[in-house]
Amino acid sequence: MKLTFKLLVLALFSFISYADTLSVKQQQAWLEDINFYENQIRTKHIEPFHTLAENDFARLLKELKQDLPLLSEPQVEARLMAITGTIGDGHTNYFMMSGPHQHFPLRYKFFNNKLRVIDTTKQYQHLIGAELKTINGLTVEALFELITPMLPGVDNQFSAKARFEFYLTLHKLLLGLGHVKESAAAQFEFELGGNTLNEQIAPIEMSEFAKLSSAFKSHSDKLNMLDIGMPGISLGLLKDKKIAYFNFNAYPSFEQVISECQALQKQLKTVKSKYLIIDFRGNGGGSFYTGLAFSSCLLPLDQFDWKTGVFALTDEHTFSAAMSNTVQFKQILNARIFGTPTGGDPNQFSESYRFALPNSKRKLSVSKRYYPFLFDNTDAVYPDELIETSWLDYQQGNDPVLSAVLAEIEK
């Protein structure tokens, strides 16, 4: 694990702190939490030391306990987040946002390895489209190398980029790393149209940050999507209704799929759709058994071209159950995969056991199952047709992945 995540980033910048250190009472509470954390990792994870050596895990926790008098609370959390990251699977996570936190008011997305601003508050609208270069002098490349090994929900390099886009906004994480100050703006440098823009930006409350998503229209805004009674799955009927396009961006309950199946079958029989597209882009997971129930609802419909007419769409956010269903639909629905590689590893530790620390109430998860969905030596489900969305496509609301599938059907 790269010298145990470079000795946990040299104990997180060797205790550089811009927040108050813990009181004696707080130290005792965190000591109890750390002991509880260790027990949960050891007893609840199906194989806790599949990547991190057990003696390294014990040493890292011992050092953290010894360092408590020197640390602030954000630093303790960053250390626990980093230790959890070294365990090495995307379902074993420390959720720093389960406690009080703020965000810098910027939403980012990578395009051709450039991290661009895709949304922000009214005050910084002039930054939309700009490429982020540095925060307090540290480059995006350096921040990526520093932060990604700590992040929750990371199975491979693709989900690492997706999580980094979000967690780079988390003020408490950067505070715990000693890179920003408490109650102070940070210095951001951007590039836009060949010009350098420097901004002092302060964090905002989560309630305000949650209003940000993207300033650009989604491709789905152009489609007439129908509610089929399965929350998280909507239906678009394309090309004179001969194509059934399902936007599967979240998981309904198993029971909701079963109860609405007959109505969906009747609807599809009426319109006589022949081709099937299931879009898992942006889907972070749920229960793959629900996805299997959905596939079992579609399979009896002989009207579909089950030989060459089924497609699944994926991207770096396709994770956990969505990644699992992608593999399964390729196998049982004969689906061809278009888009970019999944953020989930098909041979994965999975099925989260969730718990909270007794004093701080911070939330965590550990993997309690292991699924080898593919026996190949791979880290992602790679598409049959690799199609990326350019910055220009994104700005204009174009969807080159869906367009490629429609062109394939027309052939």
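Along each chain, residues carry numbers from 1 onward, in the same order as the chain's sequence is written. Residue-level local features of this predicted model are given only where pLDDT is at least 70; pairs of side-chain atoms are given and counted only at 80 or more, and the full residue set underlies all totals for whole chains, interfaces and linings. As a rule here, side-chain values come from all non-hydrogen atoms in the structure, and water together with hydrogens is ignored.

A.B. asks: Requested: an account of the pairing of strand β17 (residues 363-372), with residues and values cited.
C.D. replies: At least two bridges found by DSSP between two strands is the condition for calling them paired. Secondary structure elements follow DSSP: runs of H or I no shorter than four residues count as helices, runs of E no shorter than two count as strands, and numbering proceeds from the N terminus. Sheet topology places strand β1 (residues 93-95) next to β17; three bridges connect them, and they run antiparallel. Counted as the bridge partner of Tyr94 is Leu364 from β17. With nine bridges connecting them, strand β16 (residues 347-356) and β17 associate as antiparallel partners. Within β17, the position partnered with Phe355 by the bridge is Leu364. The turn joining β16 and β17, which pair antiparallel and follow one another in sequence, is formed by six residues; a positive phi near 65° is taken by Lys361.

A.B. asks: So, the sheet that holds strand β13 (residues 275-279): which residues are in play, and what are the values?
C.D. replies: Strand order across the open sheet formed by seven strands is β10-β11-β12-β13-β14-β15-β18, with mixed pairing between neighbours. Edge strands, defined here as strands with exactly one partner in the open sheet, are β10 (225-230) and β18 (385-386). Of the pairings in the sheet, the one linking β13 to strand β14 (residues 310-314) comprises four bridges and is parallel in character. Looking at β14, one finds that Ile277 is bridged to Phe311. By the convention used here, residues are in contact when the closest approach between their heavy atoms is within 4.5 Å. Every angle, taken between N-to-C directions, lies between 0 and 180 degrees, and every axis is a line fitted to C-alpha atoms, over only the stretch in contact when it is a helix. Each of β10, β11 (233-238), β12 (243-248) and β13 is contacted by helix α10 (residues 288-298), which is oriented at about 170° to β12, the strand it contacts most.

A.B. asks: Any chance you could break down the state of the cysteines for me, citing the residues and the numbers?
C.D. replies: Whenever a pair of cysteine sulfur atoms sits within 2.5 Å, that pair is classed as a disulfide. Going through the model one piece at a time under the given rule, you end up with one disulfide. Note that Cys261 is cross-linked by a disulfide to Cys297, the S-S spacing being 2.2 Å. Residues Cys261 and Cys297 are joined through a disulfide that is right-handed, its torsion about the S-S bond being 105°. Highlighted residues: Cys261 in helix α9 (residues 254-271) and Cys297 in helix α10, separated in sequence by 36 residues. The pair Cys261 / Cys297 is uniform in exposure class, with both members buried. Here's how the labels work: a residue is buried when its accessible area is under 20% of the maximum for its type, exposed when over 50%, partly exposed in between, all with a 1.4 Å probe on protein chains only.

A.B. asks: I'd like a rundown of the nonpolar core, residues and numbers included.
C.D. replies: In these notes, a set of buried Ala, Val, Leu, Ile, Met, Phe, Trp, Tyr and Cys residues joined through side-chain atoms within 4.5 Å is what counts as a nonpolar core. Counting 57 residues, the largest nonpolar core has Tyr37, Leu80, Ile147, Leu173 and Phe188 as the members making the most contacts within it. For this core, the element with the most residues is helix α4 (residues 73-87), which contributes seven residues. When near neighbours in sequence (up to four residues on either side) are disregarded, Phe188 contacts Phe104, Leu106, Tyr108, Leu132, Thr134, Ile135, Leu197, Asn198, Glu199 and Ile201. With 35 residues, the next largest nonpolar core counts Cys261, Ile278, Cys297 and Ile337 among its residues.

A.B. asks: Can you tell me about the side chain of Glu77, naming the residues and giving the values?
C.D. replies: Within the secondary structure, Glu77 sits in helix α4. Between N or O atoms, a polar contact is any pair within 3.5 Å; within protein, one atom must be a potential hydrogen donor and the other a potential acceptor, and residues adjacent in sequence are included only when both atoms are from side chains. There is a polar contact of 3.1 Å between the side chain of Glu77 and the side chain of Arg362. Non-local contacts of Glu77, meaning those with residues more than four positions away in its chain, are made with Trp30, Tyr94, Met96, Lys172 and Arg362.

A.B. asks: Kindly report on unusual backbone geometry, identifying the contributing residues and their values.
C.D. replies: Not every positive phi belongs to a glycine, and Lys239 is a case in point at roughly 50°. Checked against the element boundaries, Lys239 lands in the loop between β11 and β12.

A.B. asks: Please set out helix α3 (residues 54-67) residue by residue, giving values where relevant.
C.D. replies: Here the expected length of a helix is defined as 1.5 Å per residue gap, with one fewer gap than residues. Look at α3: 20 Å from first C-alpha to last across 14 residues, which is about the 20 Å you get at 1.5 Å a residue. What α3 keeps buried is the set Phe57, Leu60, Leu61, Leu64 and Asp67. An end-on view of α3 places all buried positions within 130° of arc, on one side of the element. Facing away from the buried surface of α3 by more than 90 degrees, the exposed residues are Asn55, Lys62 and Gln66. An arc is given here, and it is the one of the directions from the helix axis to the C-beta atoms.

A.B. asks: Tell me about the pattern of salt bridges, and name the residues and values.
C.D. replies: The term salt bridge refers to a side-chain nitrogen of Lys or Arg lying within 4 Å of a carboxyl oxygen of Asp or Glu. According to the stated counting rule, one finds 18 salt bridges in the structure shown. With a closest N to O distance of 3.0 Å, Glu208 and Lys211 form a salt bridge. The class for Lys211 is exposed, based on a relative accessible area of 61%. With its nearest N and O atoms 2.8 Å apart, the salt bridge here joins Arg281 to Asp399. Placement of Arg281 in the loop between β13 and α10 and of Asp399 in the loop between α12 (391-396) and α13 (400-410) is noted, with a sequence separation of 118 residues between them. Both residues of the pair, Arg281 and Asp399, count as buried. Salt bridges here are not isolated pairs; linked through shared partners, they connect Glu38, Arg42, Glu54 and Lys65.

A.B. asks: Help me get a handle on the packing of α9 against α10, residues and values and all.
C.D. replies: For any two helices packed against each other, one specifies the crossing angle of their axes together with the interaxial distance. Running from amino to carboxyl end, α9 crosses α10 at an angle of 20°, the nearest separation of the two axes being 9 Å. For the element pair α9 / α10, the angle class is roughly parallel. Crossing of α9 against α10: the hand is right-handed. Facing α9, whose interface residues are Phe254, Val257, Ile258, Cys261, Leu264, Gln265 and Leu268, α10 presents Tyr289, Thr290, Ala293, Phe294, Cys297 and Leu298. Classification convention: Asp, Glu, Lys, Arg as charged; Ala, Val, Leu, Ile, Met, Phe, Trp, Tyr, Cys, Pro as nonpolar; all other residues, Gly among them, as polar. Here the contact of α9 with α10 is composed, by residue class, of 11 nonpolar, two polar and no charged. Just so you know how the angles are binned, under 35 degrees is roughly parallel, over 145 roughly antiparallel, 65 to 115 roughly perpendicular, and the rest oblique. Two helices cross in a left-handed way if the nearer one is turned anticlockwise from the farther one by less than a right angle. They cross in a right-handed way if the turn is clockwise.

A.B. asks: Give a detailed account of the packing of aromatic side chains, specifying residues and quantitative values.
C.D. replies: Any pair of Phe, Tyr and Trp rings, taking the six-membered ring for Trp, is counted once the centres come within 6.5 Å. Such a pair is stacked with planes under 30 degrees apart, edge-to-face with planes over 60 apart, and tilted for the rest. Scanning the model with the defined rule gives 29 aromatic pairs in all. An angle of 20° between the planes, with centres 6.1 Å apart, marks the rings of Phe110 and Phe164 as stacked. Of the two residues, Phe110 sits in strand β3 (residues 106-111) while Phe164 sits in helix α6 (residues 157-167), which places them 54 residues apart along the sequence. As far as burial versus exposure is concerned, Phe110 and Phe164 are alike and both buried. Three or more aromatic residues joined by ring pairs form one cluster here, namely Phe246, Phe248, Tyr251, Phe280, Phe294 and Phe329. We call a charge positioned over a ring when the NZ of a Lys or the CZ of an Arg lies within 6 Å of the ring centre and within 35 degrees of the ring normal. Note that Lys109 overlies the ring of Phe111, its terminal NZ or CZ placed 6.0 Å from the centroid.

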